Amino acid sequence: MEGGPIVYENHHRILVINPGSTSTKIGVFEGESQLMESTLRHSSEEIAQYPSIIDQYSFRKKAILQSLEKEGIIISTLSAICGRGGLLRPIEGGTYSVNEAMIQDLKTGYSGQHASNLGGIIAHEIASSLNLPAFIVDPVVVDELAPIARISGFSSINRKSIFHALNQKAVARRYAKQVGKKYDTLRLIVTHMGGGITVGVHEFGKVIDVNNGLHGDGPFSPERAGTVPAGELVELCFSGEYFRHEVMKKLVGQGGLVGYLGTNDAVRVEQRIEDGDENAKLVYEAMAYQVAKEIGSAAAVLHGQVDAIIITGGLAYGKGFVKDITSRIDWISDIVVYAGEDELQALAEGALRVLTGEEIAKIYPS
């Protein structure tokens, strides 16, 4: 893209859209200040009317516009629309203008079908009617891996970058701002701990290594198995006892805490531990142990030169769990905890960086 940043001269009121499987979260921001937030619930009966996820976009768009009207938000006062990025082709991190190539990949499900694919489509639909820019920010397919990090050890398979890019990048920038430095001058290890757990190595603004938080490696989590012994997994797959989809479910959805303890609810697990459940205690401590090991591996990637370790996500609310992790890694660097995740805020901040001229919107490849 030629020339300098395009600065949109107005009050920067941004609508952000984050579609999930049975809900759509929306928010309106004035700069970095949130004016409203709403979670639109979609019943299973409503969802069942549509043959595919992409077929839902018109109904979800209508629900969004009705909610904005109910909240007294006049859409003509908006400056931009920003949607959650979906399963696109691998791209570097940043804020992207929604273009026709992106819309096509979201509709066809280039890397798979997921409700988040609707974010860019709906943002584009609403923005086009108002002659406004539409953006997405740091989708899960952000891929900035160093070539050496792609080598798996099995020549037929390369390691993939699929992780909590939106929240990881947002908290990394938040930390940089708090310490008065630029994100692209820091070496950080960012650990997102939710239904899946990803540990990203952020070197000078790029995530040069990260575990595949969906199908692959890394610590086990509340719902995912993480790295498992490969030989035994092959034996299981060819045992004749399971269909392919059943094995995948054991890895993603029924792995981790669900597989061991029958729940993905960390609060319940902590209560069981408090009540004297020794097995729950062992499994929960093992999850913290594996997270700490992954962070230690990430430190090796940076030759031990780590400016800070950031811990974020829903599991970061668990003080005991965080303590189990930090007691093993506090020798590496300073540790900062940002509990929870605020995806709406992260989307708004990504759009705002473009609107204020701090960044230039990136162009999605055709």
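Residues numbered from 1 in each chain as written. Predicted model: local features only at pLDDT ≥ 70, side-chain atom pairs only at ≥ 80, totals over all residues. Heavy atoms only, no water.

An order of E3-E2-E1-E4-E6-E5-E12 is seen for the 7 strands of this open sheet, with the pairing classed as mixed. Looking along the sheet, the strands with just one partner apiece sit at the ends: strand E3 (33–41) and strand E12 (362–363). Both strand E5 (residues 95–97) and strand E6 (residues 134–137) contribute to a ladder of 3 bridges, which runs antiparallel. For Thr95, the partnering residue across the bridge sits in E6 and is Val137. (Pairing = 2+ DSSP bridges. Helix = DSSP H or I, 4+ residues; strand = E, 2+ residues; numbered from the N terminus.)

To continue, consider the pattern of salt bridges. Side-chain pairs of opposite charge can arise where the charged atoms are in close proximity. For the structure on display, the rule yields 17 salt bridges. Close ionic contact of Glu144 with Lys169 constitutes a salt bridge, the shortest N to O distance being 2.9 Å. Within this pair, whereas Glu144 is found in the loop between E6 and helix H5 (165–178), its partner Lys169 is found in helix H5, the two being separated by 25 residues in sequence. Judged by its relative accessible area of 10%, Glu144 is buried. Each of Glu92, Lys206 and Lys362 takes part in salt bridges that share partners, so that together they form one network. (Salt bridge = Lys/Arg side-chain N within 4 Å of Asp/Glu carboxyl O. Buried < 20%, exposed > 50% of the residue type's maximum accessible area, 1.4 Å probe, protein only.)

On to the sheet that holds strand E7 (residues 187–193), then. Strand order in this open sheet of 5 strands is E9-E8-E7-E10-E11, and the pairing throughout is mixed. Edge positions in the sheet fall to strand E9 (206–210) and strand E11 (335–339), since each of these pairs with one other strand and no more. For this sheet the average axis-to-axis angle between neighbouring strands, irrespective of direction, equals 25°. Note: strand E10 (residues 308–313) against E11, 5 bridges, orientation parallel. Residue pairing in the sheet places Thr312 in a bridge with Tyr338 of E11. In the packing of helix H11 (residues 319–329) onto the sheet, the strands contacted are E7, E10 and E11, and the crossing angle to E10 comes to about 165°. (Axes fitted to C-alpha atoms, helices over the stretch in contact; angles between N-to-C directions. Contact = heavy atoms within 4.5 Å.)

What follows concerns the pairing of E9. Along E9, 4 of the 5 residues are buried, which leaves the element largely enclosed by surrounding structure. Bridge analysis of strand E8 (residues 197–203) against E9 gives 4 bridges, and the strand direction is antiparallel. Bridge pairing in E9 links Gly200 to Val210. In this antiparallel pair of consecutive strands, E8 and E9, the connection spans 2 residues, and Phe204 shows a positive phi of 55°.

The subject of this paragraph is the packing of aromatic side chains. Given two aromatic rings, their pairing is described by the distance between the two centres and the angle made by the two planes. Per the counting criterion, the structure on display carries 3 aromatic pairs. Ring geometry for Tyr50 against Phe59: centres 5.2 Å apart, planes inclined by 10°, an arrangement best described as stacked. A relative accessible area of 25% means that Tyr50 is categorised as partly exposed. In this structure, Arg174 is placed above the aromatic ring of Tyr338, and the distance from its NZ or CZ to the ring centre is 4.0 Å. (Phe/Tyr/Trp six-rings, centres within 6.5 Å; stacked < 30°, edge-to-face > 60°. Lys NZ or Arg CZ within 6 Å of the ring centre and 35° of its normal.)

The biggest cluster of nonpolar side chains holds 33 residues, and the ones touching the most others in it are Leu15, Ile17, Ile64, Leu68, Ile81 and Met102. Going through the elements one at a time, strand E1 (13–19), strand E2 (23–30), E3, helix H2 (57–70), helix H3 (100–108), helix H4 (117–130) and E6 are the ones with two or more residues in this core. A per-element tally of this core places H4 first, with 6 residues. Leave out the neighbours within four places in its chain, and Met102 touches Leu88, Tyr96, Ser97, Ile136 and Tyr364. Counting residues in hydrophobic clusters, the runner-up holds 32 residues, among them Leu261, Ala288, Ile311 and Ile332. (Core = buried A, V, L, I, M, F, W, Y, C linked by side-chain atoms within 4.5 Å.)

Listed in full, the buried residues belonging to H3 are Ala101, Met102, Ile103, Asp105 and Leu106. Contact partners of the buried residues in H3: E5, H4 and E6. Two residues or fewer after H3 comes Gly109, characterised by a positive phi angle close to 70°.

This part takes up the pairing of E7. Counting buried positions along E7 gives 6 out of 7 residues, so the element sits mostly inside the fold. Inspection of the sheet shows E7 paired to E8 by 7 bridges, in the antiparallel sense. In the strand pairing of E8, Val190 is matched with Gly200. Remark: 3 residues form the turn of the hairpin made by E7 and E8, two consecutive strands paired antiparallel. For E7 and E10, the ladder comprises 5 bridges, and the chain directions are parallel. Within the sheet, the bridge partner assigned to Leu188 lies in E10 and is Ala308.

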